[in-house]
Amino acid sequence: MKKLSFLFIILVGCQEPSLNIDDYPNEINFNPNEACVAAKIVNAIPSGNNDVLVWAEEFEDDEICEDNWFFETVPPQNGSWFNGEQQYYTDRSTNASILNGVLRITAKKESYLGKDYTSARITTQDLFEFKYGKIQVRAKLPQGQGTWPAIWMLGANIDSAGWPFCGEIDIMEHGDLQPGLISSAIHQDGVNGTPIYDRGETSIQNVSSQFHVYEANWREDKITFSVDGNKYFTYDLTKEMPFHQDFFIILNVAMGGSFVNNVIDPNFTSSSMEIDYVRVFQ
């Protein structure tokens, strides 16, 4: 999500046989009477094969659980976010809420504290951080040119190491002038402090009208990205890379910015990224 100057490589793999979306269970039942459903699975013992569920946010609470998510609302770059984005992130229910077991992160066109758009950005920083694992997110993406939905991760040492030294794993981004074009990327420090940006992409149908499962399978030697079970990008890791430490999860919808070529539909009013669940296996 966070991008400055970069080098990039487009990697598009061969499509494997498609999995029906129904092959993924849509619900995992927890106690609905708890005040705040903890996402951490008690007594889960990772196998090392990324097949044991250790953290599952099913959004069964009435409100976003602060034990699982932190709202980022303070812009880090002189009152703004990076990449020329035009939104103000809030912690208001109009920008992030839960309805019928689905999280909605809603971007809106409105004047707010010097910005023309509002939205929300939530993270698991200091709440849930992990090294290696398979993360699955079942989501519908917002409509409208200029929306920039992202499901991604940053190294937990970002506050001390800074970006891109902490490393970044983009599980899903959408919005770069081609509806249905889904991309994943790896960011890290390169030679002489130049950020390196390696990207893979694929195109899918009905990104806003149907749920799709976006996945990153992160192992010690590689990270493999897929949509609905179809692998399209594998990135090999070496020991020198910053991807052998804890990372945290980020969900957000930006407006404008370099990723969407700074083009926002003038008729845009409001749209949401809907997330049914976020699950992590180890």
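Residues take numbers from 1 onward in each chain, read along the sequence in its written order. Local features in this predicted model are restricted to residues of pLDDT 70 or higher, and side-chain atom pairs are both shown and tallied only at a pLDDT of 80 or more, whereas totals for entire chains, interfaces and linings draw on every residue. As a rule here, side-chain values cover all heavy atoms of the structure and leave hydrogens and water aside.

A.B. asks: Even after reading the chapter, I still don't get the overall build of the protein, so can you show me in this structure?
C.D. replies: Only runs of H or I of at least four residues qualify as helices and only runs of E of at least two qualify as strands under DSSP, and these elements are numbered from the N terminus. Looking only at helices and strands, the protein features one helix and 18 strands. Burial classes: relative accessible area under 20% of the type maximum marks a residue as buried, over 50% as exposed, and values in between as partly exposed (1.4 Å probe, protein chains only). Counting the 282 residues in the protein, one finds 55% classified as buried. Total accessible area computed for the protein in this model is approximately 12,700 Å², and 47% of it derives from carbon and sulfur atoms. Values of accessible area rely on a 1.4 Å probe in the Shrake-Rupley scheme; residue burial ignores everything except the protein chains shown.

A.B. asks: Explain unusual backbone geometry to me, please; I cannot follow it from the model alone.
C.D. replies: Of all residues except glycine, most have a negative phi; of all peptide bonds, most are trans. Cis geometry marks the peptide bond from W163 to P164, where omega comes out at 10°. Tracing the backbone through its elements, the reader meets P164 in the loop between helix 1 (158-161) and strand 11 (168-174). Positive phi, close to 65°, is recorded for Y132, a residue that is not glycine. Mapping Y132 onto the fold places it in the loop between strand 8 (121-123) and strand 9 (133-140). Its relative accessible area of 17% is what places Y132 among the buried residues.

A.B. asks: What's the story with the pairing of strand 2 (residues 53-57) in this structure? I'm lost.
C.D. replies: A regular strand places its side chains so that they alternate between the two faces of the sheet. For strand 2, a buried count of five out of five residues is recorded, marking the element as mostly surrounded by other parts of the structure. As defined by bridge partners, strand 2 adjoins strand 18 (residues 270-281) across four bridges and the pair is classed as antiparallel. Directly across from E57, in strand 18, lies its bridge partner V278. DSSP calls a pair of strands paired once it identifies at least 2 bridges connecting them.

A.B. asks: What is the right way to read the nonpolar core from this model?
C.D. replies: The nonpolar side chains of soluble globular proteins are, as a tendency, buried together. Formed by 54 residues in total, the largest nonpolar core has its most connected members in Y214, W218, I249, L251 and V278. For this core, the element with the highest residue contribution is strand 17 (residues 247-255), accounting for five residues. Whether two residues touch is decided by their heavy atoms; if any such pair falls within 4.5 Å, the residues are in contact. Not counting residues within four places of it along the chain, the set of residues in contact with V278 comprises W55, A56, E57, F59, W69, I135, Q136, V137, I249 and L251. Throughout this description, the term nonpolar core refers to a set of buried Ala, Val, Leu, Ile, Met, Phe, Trp, Tyr and Cys residues connected via side-chain atoms within 4.5 Å.

A.B. asks: I keep staring at the confidence of the model for the protein and nothing clicks. Help me out?
C.D. replies: Predicted coordinates in regions of low pLDDT should not be interpreted in detail. Every residue gets a pLDDT, meaning the predictor's confidence in that residue, from 0 to 100. Overall, the prediction assigns the protein a mean pLDDT of 89, with 87% of residues at 70 or greater. Segment residues 3-24 is flagged for pLDDT under 50; beyond a separation of four residues in sequence, or across chains, it makes 54 contacts in the model. Segment residues 27-33 is flagged for pLDDT under 50; beyond a separation of four residues in sequence, or across chains, it makes 12 contacts in the model.

A.B. asks: Help me understand the environment of I249, please; the structure alone is not making it clear to me.
C.D. replies: Within the fold, I249 resides in strand 17. Assessed through its relative accessible area of 0%, I249 is described here as buried. Along the primary structure I249 and L154 are separated by 95 residues, whereas in three dimensions their C-alpha atoms are 7.0 Å apart. Non-local contacts of I249, meaning those with residues more than four positions away in its chain, are made with W55, W69, I122, T123, T124, F128, F130, I135, W152, M153, V278 and V280.

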